Amino acid sequence: MTRIGMIVPSSNTALEPATTRLVAGRPDVTVHFARIPVRAITLGDGGAAFDVETMLAAARLLADAKVDCIVWNGTAGSWLGVEHDRQICAAITDATGVPATTSTLAILQSCHDFGVTALACATPYTGDVVDAIVQEYARHGVSIVSRAEWELTDNFSFADKTAEAVAGLLLEASSPEAQAIALICTNVDGTTVAAKAEKQIGIPVIDSIAATLWWALEVAGADARIPGAGMLLEQGSFRHRAKKIVTELRQQTGCDRTTVRIDDASLGLHVDLCAAESCSPGVRSIQHDPSLDQRKLETVMWLEERREVLVQPAFVEPPYPPQALREVYGVSAQTLGPVERDGELAAWLSAHSINERPWTRSDLAAMDDARQAMAALLNNK
């Protein structure tokens, strides 16, 4: 049994029923709540108590229930600063011995695992609060490229909006440049409209309530996948682990970019978009570029036929990579590692170098380790 403790804004009426509904099919998970005073959302104190001592009082009560994680289920860190949330988490863990996290940390972790650097932002807040969110997220590598807000301050009123109004806010916030939309507020329930909005807009919806539950389960070491509630709860845990695999591969080989492409209908993943990517500083991302039919590429057809690692210190002989990889993304060398499942080429890992380079025995050993890790992940998702 996994127990999640949640610190809740006192005037919030959305997150508890939404969270309870999300875990209704999970008899292995229980969620327990404690409240702190929050009545309004402004850049001043606004009747909200976001200080460490107030959080600690609630956390200590939750710790009495022997919870496996304590999460501040509020997004104040999005404008007060991530460091504010980290201090709260450290204080909670020091006082209770229980790992802690927050909604803002969950949202930013979602962006990291989905490779989101261009984000649309939907909130009920006033423009000055959203301005502060824009500045804070930019400090963490996430640019807010479009936004929509209701210009409200009374926290209780946020939950009065209908599901249709929430869906409309998401649509209003969306833009062609955005790689995902974040609904930043745990008193606006986007969990009931996220999946439909994703189908309509075509990008993930990072709902604060869903993100908080997802990351709390991850921090607690529990299975965090909840099917049918949108891309984050469907794919987030898988992408989080895949991101670790490609990051370790990049670090071990010292290359410039690593990716994994996966075909898995049950997760909603297709090889034409990378499921995970890790880039060295200054290296352009390829993760959100769906312009090529990957299965028809010369290099991928070679993988399909040979089912062995393709090693290319330079592109001087076939199979040749696509022109866009060389000319648009500047790749001059690569190694590709096929991953099989049930006799099919289910995925492949790529290690890219901007310069021509030899791929050493240790590089290829790292690729083999990554292939094995990815195969295990696919077989145990």
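Rules used in this analysis
Residues numbered from 1 in each chain as written. Predicted model: local features only at pLDDT ≥ 70, side-chain atom pairs only at ≥ 80, totals over all residues. Heavy atoms only, no water. Helix = DSSP H or I, 4+ residues; strand = E, 2+ residues; numbered from the N terminus. Buried < 20%, exposed > 50% of the residue type's maximum accessible area, 1.4 Å probe, protein only. Pairing = 2+ DSSP bridges. Axes fitted to C-alpha atoms, helices over the stretch in contact; angles between N-to-C directions. Domains from an automatic or database assignment. Contact = heavy atoms within 4.5 Å. Buried area = accessible area lost by both parts, 1.4 Å probe. Salt bridge = Lys/Arg side-chain N within 4 Å of Asp/Glu carboxyl O.

Draft legend 1. Main features of the environment of Q252. Positionally, Q252 belongs in helix α11 (residues 231-253). Relative accessible area serves as the criterion here: at 42%, Q252 is assigned to the partly exposed category. Here the alpha-carbon distance between Q252 and P338, two residues 86 residues apart in the chain, equals 18 Å.

Draft legend 2. Summary view of the sheet that holds strand β8 (residues 205-207). Across the sheet, which stays open at both edges, the four strands sit in the order β6-β5-β7-β8 with parallel pairing between neighbours. Either end of the sheet is taken by a strand with one partner, and the two such strands are β6 (143-149) and β8. Each strand of the sheet is rotated relative to its neighbour by a mean of 20°, with strand direction disregarded. Across four bridges, strand β5 (residues 118-123) lies against strand β7 (residues 180-183) in parallel orientation. Counterpart to A122 in the pairing with β7 is L183.

Draft legend 3. Inspection of the domain arrangement of the protein chain at higher detail. Once the domains are mapped, the protein chain shows domain 1 (2-229) and domain 2 (237-380). Taken over C-alpha atoms, the centre of domain 1 sits 33 Å from the centre of domain 2. Tallying the contact residues gives twelve residues for domain 1 and ten residues for domain 2. For the pairing of domain 1 and domain 2, the buried interface totals around 940 Å² over both sides, and the portion due to carbon and sulfur atoms is 45%. On the domain 1 side of the interface with domain 2, the three residues burying the most area are D113, F114 and R225, jointly 47% of the side's total. Taken together, the connections running from domain 1 to domain 2 amount to one salt bridge.

Draft legend 4. Structural context of the pattern of salt bridges. Summed over all chains, the structure comprises 17 salt bridges. Notably, a salt bridge pairs R35 with E16, separated by 2.2 Å at the nearest N-O pair. Residue R35 is found in strand β2 (residues 29-36), and its partner E16 is found in helix α1 (residues 15-22); the two are separated by 19 residues along the sequence. Of the residues examined, R35 reaches a relative accessible area of 40% and is grouped as partly exposed.

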